[in-house]
Amino acid sequence: MPHRDENGRDGGVRINPSILAADFVNMQAELARIAAADFVHVDVMDNHFVPNLTFGPQMVERVQATSPVPLDVHLMIADPDRWAPGYAELGAASVTFHLEAATEPVALARRLRAIGARAGVAVKPATAVEGLFDLLDDFDQILVMTVEPGFGGQSFMPETMPKLRRLADEARRRGSSVWLQVDGGITESTIAQAADAGADTFVAGSAVFGAEDPGAAITGLRAAAAQHRHAH
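Residues numbered from 1 in each chain as written. Predicted model: local features only at pLDDT ≥ 70, side-chain atom pairs only at ≥ 80, totals over all residues. Heavy atoms only, no water.

> Would you mind showing me how to read the overall build of the protein chain here?
Secondary structure assignment for the protein chain yields eight helices and eight strands. Over its C-alpha atoms the protein chain spans a radius of gyration of 16 Å, differing by no more than 12% from the 17 Å that the globule rule assigns to 232 residues. Considered along the principal axes of its C-alpha atoms, the protein chain spans approximately 45 × 40 × 35 Å. Expressed as a percentage of the 232 residues in the protein chain, the buried residues total 56%. (Helix = DSSP H or I, 4+ residues; strand = E, 2+ residues; numbered from the N terminus. Rg over C-alpha atoms; globule rule 2.2 N^0.38 Å. Buried < 20%, exposed > 50% of the residue type's maximum accessible area, 1.4 Å probe, protein only.)

Now the structure itself:
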């Protein structure tokens, strides 16, 4: 699957707006507003792994059918070993499950890849990343949560940055092509910190959908991230 190493459109930076911040009633119009994005980030919450409920396979299937960009599905759900493959089968380009919820993370990642999706693993703010160092080749994306998962509109947690930096340094040392994603409180001001710490894939909710011109917001975020990635 050669598409695994593809770079983003601008210096390896990807901007993935989160539809958690979109107007659900006008989803088709909202998706059209983010045609300039690299992916659309879809948060699936089950009111079990996290204390909130969003949507399941039917909604994801509709988003898949109408989105101008590929889907980056983030499963904040219990028992992803059972449920995650179904989202890959819907055609999602990328499926990320939580390390804390998975019983067999490597086997699940292999299954997602076999179906044709990129396999991602997410860690909550309090979860250490060192356990992933030997598994970097098993994943296409690692998501370091920069807020506690469960709700949109939270403030960025700068204390997650040292962990992201350790992961980025290790990935570089091993020559890994894994994408490092951040999600939570990403704005033009916080994206610089995350890019500086090694992230290359950025989930933004209100910063994009809350803007008068989401396309301009995406361009601004991409430029800010690229500038800080190239600074070191």
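Resuming the write-up.
> Can you walk me through the pattern of salt bridges in this structure?
Two side chains of opposite charge can pair, provided their charged atoms sit close to one another. One pass over the full model with this rule turns up 11 salt bridges. For Asp 196, the salt bridge goes to Arg 165, with nearest N and O atoms at 3.4 Å. Pair noted here: Asp 196 is in helix α6 (residues 190-196) and Arg 165 is in helix α5 (residues 161-173), with a separation of 31 residues, a long-range link. Residue Arg 165 is classed as partly exposed on the basis of its relative accessible area, which comes to 37%. A salt bridge links Arg 172 to Asp 169, with the shortest nitrogen-to-oxygen separation between them at 3.2 Å. Of the two residues, Arg 172 and Asp 169 both sit in helix α5, three residues apart, roughly one turn of that helix. For Arg 172, a relative accessible area of 52% gives the class exposed. Assessed through its relative accessible area of 40%, Asp 169 is described here as partly exposed. A single salt-bridge network, built from bridges that share partners, covers Asp 134, Glu 170, Arg 173 and Arg 174. (Salt bridge = Lys/Arg side-chain N within 4 Å of Asp/Glu carboxyl O.)

> Where do I start with the sheet that holds strand β2 (residues 40-45) in this structure?
Sheet strands associate in pairs through backbone hydrogen bonding, adopting either a parallel or an antiparallel arrangement. Strand order in the open sheet formed by eight strands is β1-β8-β7-β6-β5-β4-β3-β2, and the pairing between neighbours is parallel. Edge strands, defined here as strands with exactly one partner in the open sheet, are β1 (14-17) and β2. Direction aside, neighbouring strands of the sheet carry axes that sit 25° apart on average. Together, β2, β3 (71-76) and β4 (94-98) form the strand contacts of helix α3 (residues 80-89), whose direction differs from that of β4 by roughly 165°. (Pairing = 2+ DSSP bridges. Axes fitted to C-alpha atoms, helices over the stretch in contact; angles between N-to-C directions. Contact = heavy atoms within 4.5 Å.)

In short, the description is geometric, and any link to function would need to be established separately.
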